[in-house]
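Structural overview for review
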Amino acid sequence: MSMASSGSNSGGSAGSAAGGASAGEAAGAGAPKSTLNATASPQLGSIVTDSAGNTLYRFDRDSANPPKSRCVGPCAQKWPPVLANGDITVTGLERSLVGTVKRPDGTMQLTLAGWPLYRYAEDKPGEVKGENVGGVWFASSPAGKKVTPPPGTKVGGDPNDGNYGGNGG
């Protein structure tokens, strides 16, 4: 199912104070599509991935209401933001939860339930190495909630790792 982004999912319209805009406005005509998929992870259960199978993460130092991305500079190099490109295709998650937020550099980043989405630079498709890094990075569930592994299961990074990509603003 492919639909154009309806803008910020915080209840505002495109161009709202939350920085929402349609993905088409952000990327221009003819741009590649953004894809969000609900995917079963053997370690974490249901998570969100991109078209290449990369796990998508949320950052606890961001905010969802209003959406705000605080991972910039060195943080954004280690945790590249998922940018809005053209129409957004979603599979296995509610389209109404998907939106965008304007980043400090002016690019438009995809959000899920208001939370900006990121990849982890050290992950390969299907990996969840970014899970729980620094105790502030978590795979996103299809509902936009943070996914945590079952008790007693070690998945991803070290929650005590202070090298989680910067202070995030």
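Going along each chain's sequence as written, the residues are numbered from 1 onward. This being a predicted model, a pLDDT of at least 70 is required before a residue's local features are given, and a value of 80 or more before pairs of side-chain atoms are given or counted; all residues contribute to the totals for chains, interfaces and linings. Water and hydrogen atoms play no part in the side-chain values, which are based on all heavy atoms of the structure.

Another aspect to go through is the pattern of salt bridges. Salt bridges are counted wherever a side-chain nitrogen of Lys or Arg sits within 4 Å of a carboxyl oxygen of Asp or Glu. By the definition in use, this model includes five salt bridges. We note a salt bridge from R58 to D60, for which the minimum N-O separation is 3.7 Å. Connected via shared salt-bridge partners are R58, D60 and K146.

Let us look at the side chain of S141. Of note, S141 is situated in the segment after β11 (137-139). Residue burial is assigned from relative accessible area. The probe radius is 1.4 Å, only protein chains are included, and a residue is buried under 20% of its type maximum, exposed over 50%, and partly exposed in between. Using a relative accessible area of 12% as the deciding quantity, one classes S141 as buried. It only takes one pair of heavy atoms within 4.5 Å for two residues to be counted as in contact. S141 has contacts with S46, V48, L112 and V147, leaving out every residue within four places of it along the chain. Helical segments are the DSSP runs of H or I of at least four residues, strand segments are the runs of E of at least two, and each set is numbered from the N terminus.

As a further point, take the packing of aromatic side chains. Aromatic pairing here means that ring centres of Phe, Tyr or Trp (its six-membered ring) are within 6.5 Å. Orientation follows from the plane angle: under 30 degrees is stacked, over 60 is edge-to-face, and everything else is tilted. The full count for this structure, using the stated rule, is six aromatic pairs. Taking the centre distance of 5.5 Å and the plane angle of 80° together, the rings of Y57 and W79 count as edge-to-face. Of this pair, Y57 sits in strand β4 (residues 57-59) while W79 sits in the loop between α2 (74-78) and β7 (88-91), placing them 22 residues apart in sequence. Taken individually, Y57 and W79 each receive the classification buried, so the pair is uniform in this respect. Relative to W137, the ring of F59 lies with its centre 4.2 Å away and its plane at 10°, an arrangement referred to as stacked. Of this pair, F59 sits in strand β4 while W137 is found in strand β11, placing the two residues 78 residues apart along the sequence. W137 matches F59 in its accessibility class, with the two residues each being buried. These aromatic residues form a ring-pair network of at least three members: Y57, F59, W79, Y118, Y120 and W137.

In short, geometric facts, not functional conclusions.
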